[in-house]
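Listed here are the chains, written in short residue letters.
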Amino acid sequence: MVDDTSASGAAQPEGTTESLHDTADAPVRVRVRPDALRPLLSAVGALVDECRLAFAADGLRAAAMDPATVAAVEVELDADATESYTADGTVVGVDVDRLEEVLAMADGDEVATLALDPEAYRLHVHVGEVEYALGLFDPESVRGPGDVDALGFEHTAALTLPGETVGRFVRAAGMVADHLTLAVDPSEEAFVAAADGDTDDVRFVVPREDTTAFEAGEARSLFSLSYLECVERPVPSGTDVRVTLGEEAPLGVAYDVADGGGHVEAFVAPRLQAV
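All values derive from a computational prediction rather than experimental measurement.

Chemist: Sorry if this is basic, but what is going on with the overall build of the protein chain here?
Modeler: In terms of regular secondary structure, the protein chain is built from 4 helices and 18 strands. Per-residue burial over the protein chain gives 48% buried out of 275 residues. Pairs at least 24 residues apart make up 65% of the contacts formed inside the protein chain by residues separated by at least 6 positions. By element, 45% of the accessible surface of the protein chain is carried by carbon and sulfur atoms, the whole surface being about 13,600 Å².

Chemist: Please explain the environment of Arg98 as it appears in this structure.
Modeler: Examined against the element boundaries, Arg98 turns out to sit in helix H2 (residues 96–103). On the basis of relative accessible area, Arg98 is assigned to the partly exposed category, the value being 35%. As for Arg98 and Gly135, which are separated by 37 residues in sequence, their C-alpha atoms are 9.9 Å apart. Excluding residues that lie within four positions of it along the chain, Arg98 makes contacts with Tyr132 and Leu134. Only 3.0 Å separates the side chain of Arg98 from the side chain of Tyr132, close enough to count as a polar contact.

Chemist: In this structure, what is going on with the sheet that holds strand E12 (residues 190–196)? I would like to understand it.
Modeler: Strand-to-strand pairing in sheets goes through backbone hydrogen bonds, with the strands running parallel or antiparallel. Taken in spatial order, the 4 strands make up an open sheet running E13-E12-E11-E15, and their pairing is antiparallel. Where the open sheet ends on each side, the last strands, each with one partner, are strand E13 (201–207) and strand E15 (219–224). Each strand of the sheet is rotated relative to its neighbour by a mean of 15 degrees, with strand direction disregarded. In terms of strand pairing, E12 meets E13 through 7 bridges, oriented antiparallel. In the sheet register, Ala195 faces E13, and the bridge partner there is Val202. Taken strand by strand, helix H3 (residues 163–174) contacts strand E11 (179–185), E12 and E13, and its axis lies near 165 degrees from that of E13. Packed on one face of the sheet, helix H4 (residues 225–232) meets E11 and E15 and runs near 95 degrees to E15.

Chemist: Please clarify how unusual backbone geometry should be interpreted in this entry.
Modeler: A negative phi angle is the norm for most residues apart from glycine, just as the trans form is the norm for most peptide bonds. Notably, Thr69 is not glycine yet its phi reads approximately 55 degrees, a positive angle. As for its position among the elements, Thr69 is in the loop between strand E3 (59–65) and strand E4 (71–78). For Thr69, a relative accessible area of 39% puts it in the partly exposed group. At Glu189, a residue that is not glycine, the phi angle is positive and equals roughly 50 degrees. Looking at the secondary structure, you find Glu189 in the loop between E11 and E12.

Chemist: I tried to follow the nonpolar core on my own but got confused; where do I start?
Modeler: The tendency in soluble globular proteins is for nonpolar side chains to be buried side by side. One finds Leu182 and Leu245 to be the most contacted residues of the largest nonpolar core, which totals 75 residues. Ignoring any residue separated from it by four or fewer positions in sequence, one finds Leu182 in contact with Phe169, Phe191, Val192, Ala193, Ala219, Arg220, Ser221, Phe223, Leu228, Leu245 and Leu251.

Chemist: I would appreciate a short explanation of the pattern of salt bridges in the present structure.
Modeler: Should their charged atoms come close, side chains of opposite charge can pair. Enumeration according to the criterion identifies 7 salt bridges in this entry. The partner of Arg61 in a salt bridge is Glu76, and the shortest N-O contact between them spans 3.7 Å. Placement of the pair is Arg61 in strand E3 and Glu76 in strand E4, with a sequence separation of 15 residues. For Arg242, the salt bridge identified is with Glu215, shortest N-O distance 3.4 Å. Note that Arg242 is positioned in strand E16 (residues 240–245) and Glu215 in strand E14 (residues 213–215), a separation of 27 residues in sequence. For Arg242, a relative accessible area of 34% puts it in the partly exposed group.

Chemist: I would appreciate a short explanation of the packing of H3 against H4 in the present structure.
Modeler: The description of two packed helices rests on the angle between their axes and on the distance between the axes. Look at H3 against H4: their axes get within 10 Å of each other, and the N-to-C directions meet at 155 degrees. Between H3 and H4, the interaxial angle falls into the category roughly antiparallel. For the crossing formed where H3 meets H4, the hand is left-handed. Every residue of H4 that contacts H3 at Val166, Gly167, Val170, Ala173 and Gly174 is listed here: Leu225, Leu228, Glu229 and Glu232. The residue makeup of the contact of H3 with H4, split by class, is 5 nonpolar, 2 polar and 2 charged.

Chemist: I keep staring at helix H1 (residues 34–45) and nothing clicks. Help me out?
Modeler: Look at H1: 15 Å from first C-alpha to last across 12 residues, which is about the 16 Å you get at 1.5 Å a residue. Within H1, burial applies to Pro34, Ala36, Leu37, Pro39, Leu40, Leu41, Ala43 and Val44.

Each value, and the rule that gives it
- Residues numbered from 1 in each chain as written.
- Predicted model: local features only at pLDDT ≥ 70, side-chain atom pairs only at ≥ 80, totals over all residues.
- Heavy atoms only, no water.
- Helix = DSSP H or I, 4+ residues; strand = E, 2+ residues; numbered from the N terminus.
- Buried < 20%, exposed > 50% of the residue type's maximum accessible area, 1.4 Å probe, protein only.
- Contact = heavy atoms within 4.5 Å.
- Areas by Shrake-Rupley, 256 points an atom, 1.4 Å probe, with all protein chains shown as cover.
- Polar contact = N/O pair within 3.5 Å; in protein donor to acceptor, adjacent residues only side chain to side chain.
- Pairing = 2+ DSSP bridges.
- Axes fitted to C-alpha atoms, helices over the stretch in contact; angles between N-to-C directions.
- Core = buried A, V, L, I, M, F, W, Y, C linked by side-chain atoms within 4.5 Å.
- Salt bridge = Lys/Arg side-chain N within 4 Å of Asp/Glu carboxyl O.
- Parallel < 35°, antiparallel > 145°, perpendicular 65-115°, else oblique.
- Left-handed = near helix turned anticlockwise from the far one by under 90°.
- Nonpolar A, V, L, I, M, F, W, Y, C, P; charged D, E, K, R; others polar.
- Expected span 1.5 Å × (residues − 1).

Laid out in structure tokens, this is it:
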């Protein structure tokens, strides 16, 4: 319940306006550090403005697919990674950017409270002195990602490397082209990112010894750089990223946040190779 004390524990003055919503009996009530939730929202917001947000029994889940159906993202935050968690499985549609903006108002180690008002269909977000009533919408109006595993794509290679390395080869490719080829060469035991421009070319090689994990296999696919930028940009500094590849198969990018309590997994469909 939002009581008459602020997030710092100090009593509010008499006459303070009544809370927007009494959260004591809310079917969904989550207390969470904004810095645990924001990386997940950033990963979703890089692709879409709106998403499905599920308050599952074991944690928060969000999933979305971009309008062109080229890229998809799924994120989750375990209930154990929150300060407290009560949920009934409700799924809502939410404005990702607006929720991020509200959480950005948190000061220092303040904890945010998210409480669902099912009658008004609003998500009340209480951060410090701010209480924001966020309007929700029908989650069925939001395109969700399909089941990539069910499509039968075969990932033949995988590696784990620093997120900063991913950012470097994406930026390098952007100097010469709007697309790049990602491949694994088992004979050289190396990951290769290459882009061919009208006049200039770039090739970025990551040998096995510069990765945390390396599963060699023949893999090569062409991708649109703009989508790779959207997937790479939200990766927090200092985060290791697991990359999975195949032959003309979607690229998988996965990483943990919130000290391992949160997880992001994104997929980017390959471009058709010129014949």
